Protein chains: 2
Amino acid sequence: MAHSGRRPGESRTRERIATSAQEAFGELGFDGATIRLIAARAGVDPALVHHYFGTKQRLFLSVMNLPFDVAAVKAQLLGPGLPGVGGRLIRYFLSVWDEQPSVRPILTGIVRSATTDPDAASLLRDFLGRQGLFQLVGAIAPDRPELRAVLVGSQLIGLAMGRYIVGIEPLASANPEDLVAAIGPPIERYLTGDLGSG
Amino acid sequence: MAHSGRRPGESRTRERIATSAQEAFGELGFDGATIRLIAARAGVDPALVHHYFGTKQRLFLSVMNLPFDVAAVKAQLLGPGLPGVGGRLIRYFLSVWDEQPSVRPILTGIVRSATTDPDAASLLRDFLGRQGLFQLVGAIAPDRPELRAVLVGSQLIGLAMGRYIVGIEPLASANPEDLVAAIGPPIERYLTGDLGSG
DNA sequence: CCGGGAATTCATCACTTGCAGAATTCAGGG
DNA sequence: CCCTGAATTCTGCAAGTGATGAATTCCCGG
């Protein structure tokens, strides 16, 4: 049989598997994305996926990590001062989803899988907790930063679910700046306002 | 073989399958809940599930409908007048999740499946759209009711995801009244406030 | 030029899944 | 008392799942 064995020339196979896995996890979630489908989209034998990444769980974790620079985001959001930080946070959040085609499958993959898979749920918790949002909020609000972080996080998750995952109109096709104007102030209240009374 | 054939006496088999399916869909989502597992928990042969409900999709749709009386909820929330309606909505929402053990698996089932299954996503859209939340909001806000409904819906979905599905602390174990105080005012702004500027 | 290690494919295993059909047993009406 | 129809179980199929192991082919350092 002439088709087996190593291929001549350089091969970006590992990376092609990685991006194929990102896209498949993003569209279908952890359970829906099969290793055979990932391999087929990468134009590769399924056994190669195991060869490079081991188990399916390890493939998911290897491929679903967000390249976020918390310090840079913090500077960008807090640079102009505290007022308006809610709107800037929403604008930044929307810009990541709308304009960064490389991170979007990662985000959708995590959210799509988090409702079912414990590992993905842990990733999502980390993103909103110590590793992510909490660092932002901690720099802004000294009073009850954990609660403020999860309040902001809940609104962000709901926005992502409605606009990008489930596709609820008119949220899915709303103008970004309209959303900034509508959701920014509540976010700012979560960040800097009084949480005790209306 | 002596174990086949009809059983004597009355049999609530269909209902036991239904509640078993609700619980399984609620814990595991549409894909995770297998027909064999649903049948096993109901103490019943898997073929009976097909006998009563046909395909798995039909079982899901038969069992995942919310018994919500929109008019009653509307009266309860708007009875005391418009002010404070945001807090009352959150309080009602939390009470359904926290205190109604029969509807909770339905809610978690819909949310857990909506990220992956188109039918479940459609159920969720209906719940926030014409069939559900929109009717509430339409009675309150004549100005841009669709946008207001999905804004409220996004915050409710995020709250459910964080508190009940993914389990993000301190949201998951927060005092309900603290959440009413924190999230009520933003909800009320979505319902009655000015959406154009901060 | 040759030999070890990496890349690639094939074949397959052990399971699980949704679903269908035949066979068996009970209930209730004529 | 029979007979139609409903309830229940068994068996099994066809497809798909993650994962493994052997075999083949190429690259590259000695």
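Residues numbered from 1 in each chain as written. Chains lettered and ligands numbered in written order. Predicted model: local features only at pLDDT ≥ 70, side-chain atom pairs only at ≥ 80, totals over all residues. Heavy atoms only, no water.

### Some points on the interface of chain B and chain A
Here is the rule we go by: Any two residues having at least one pair of non-hydrogen atoms within 4.5 Å are treated as being in contact. Buried area: the accessible area, evaluated with a 1.4 Å probe, that two parts lose upon being put together, summed over both parts. Salt bridges are defined as contacts in which a side-chain nitrogen from Lys or Arg sits within 4 Å of a carboxyl oxygen from Asp or Glu. Identification of polar contacts relies on pairs of N or O atoms within 3.5 Å, with a donor-acceptor requirement for protein atoms, meaning one able to donate a hydrogen and the other able to accept it, and with residues adjacent in sequence counted only if both atoms are side-chain atoms.
On the chain A side, the residues contacting the 38 residues of chain B number 38 residues. Between chain B and chain A, the buried area comes to about 3200 Å², and carbon and sulfur atoms account for 69% of it. Three residues, Thr115, Val166 and Ile168 of chain B, lead the burial of chain B against chain A; their summed loss comes to 17% of the area buried on that side. The interface formed by chain B and chain A includes zero salt bridges. At the junction of chain B and chain A, the tally comes to 11 residue pairs in polar contact (both at pLDDT 80 or more).

### Re the nonpolar core
Selection criterion: In this text, buried Ala, Val, Leu, Ile, Met, Phe, Trp, Tyr and Cys residues form a nonpolar core when linked through side-chain atoms within 4.5 Å. To sort residues, take the accessible area from a 1.4 Å probe on protein chains only and compare it with the maximum for the residue type: under 20% means buried, over 50% means exposed, and anything in between is partly exposed.
The biggest cluster of nonpolar side chains holds 136 residues, and the ones touching the most others in it are Phe25 and Ile183 of chain A together with Phe25 and Ile183 of chain B. When neighbours within four sequence positions are excluded, isoleucine 183 of chain A is seen to be in contact with Ile90, Gln155 and Leu159 of chain A together with Leu151 and Tyr190 of chain B.

### What about the domain arrangement of chain A?
Residue and element names in this part refer to chain A. We count it as follows: Domain start and stop positions are those given by an automatic or database domain assignment. Runs of E in the DSSP output that reach at least two residues are strands. Runs of H or I that reach at least four are helices, and both are numbered from the N terminus. Nonpolar residues are Ala, Val, Leu, Ile, Met, Phe, Trp, Tyr, Cys and Pro. Charged residues are Asp, Glu, Lys and Arg, and all others, Gly as well, are polar.
Split by domain assignment, chain A resolves into domain 1 (13-63) and domain 2 (70-192). One C-alpha centre belongs to domain 1, the other to domain 2, and the line joining them spans 27 Å. Facing 13 residues of domain 1, the contacting portion of domain 2 comprises 12 residues. Taken over both partners, the interface formed by domain 1 and domain 2 buries close to 870 Å², and the fraction arising from carbon and sulfur atoms is 58%. On the domain 1 side of the interface with domain 2, the three residues burying the most area are Gln22, Gly26 and Phe60, jointly 43% of the side's total. Applying the counting criterion to the domain 1 and domain 2 interface returns zero salt bridges. Counting only elements with at least two residues in the side of domain 1 that touches domain 2, the list comes to helix 1 (13-32) and helix 4 (56-63). Looking at the side of domain 1 that touches domain 2 element by element, the count peaks at nine residues for helix 1. Per-class residue counts for the side of domain 1 that touches domain 2 are six nonpolar, four polar and three charged.

### Focus: the environment of serine 4 of chain A
With respect to the secondary-structure elements, serine 4 of chain A resides in the segment before helix 1. Between the alpha carbons of serine 4 of chain A and aspartate 117 of chain A there is a distance of 35 Å; along the sequence they are 113 residues apart.

### Things to note about the relation of the copies chain B and chain A
Here is the rule: Here the copies are matched by least squares. The fit uses the C-alpha atoms of residues with pLDDT of at least 70 in both.
Placing chain B over chain A gives an RMSD of 0.0 Å and needs a rotation angle of 180 degrees, together with 0.0 Å of translation along the axis. These values place the two chain copies in the arrangement generated by a two-fold rotation axis. Taking the C-alpha atom as reference, chain B places glycine 158 of chain B closest to the rotation axis, 1.9 Å from it.

### A few points about the packing of helix 7 (residues 104-114) of chain A against helix 10 (residues 145-165) of chain A
Residue and element names in this part refer to chain A. How we decide: Axis geometry follows a simple rule: fit a line to the C-alpha atoms, using only the stretch in contact for helices, then measure angles between N-to-C directions, giving values from 0 to 180 degrees. Should an angle fall under 35 degrees it is taken as roughly parallel, and over 145 as roughly antiparallel, whereas 65 to 115 is taken as roughly perpendicular and any remaining angle as oblique. Helix crossings are classified by the rotation of the near helix relative to the far one: an anticlockwise turn of less than a right angle makes the crossing left-handed, while a clockwise turn makes it right-handed.
Packing of helix 7 against helix 10 brings their axes to within 11 Å, and their N-to-C directions diverge by 110 degrees. Relative to helix 10, the element helix 7 lies roughly perpendicular. For the element pair helix 7 and helix 10, the recorded crossing hand is left-handed. Residues Arg104, Thr108, Val111 and Arg112 of helix 7 form the contact with helix 10, whose participating residues are Met161, Tyr164 and Ile165.

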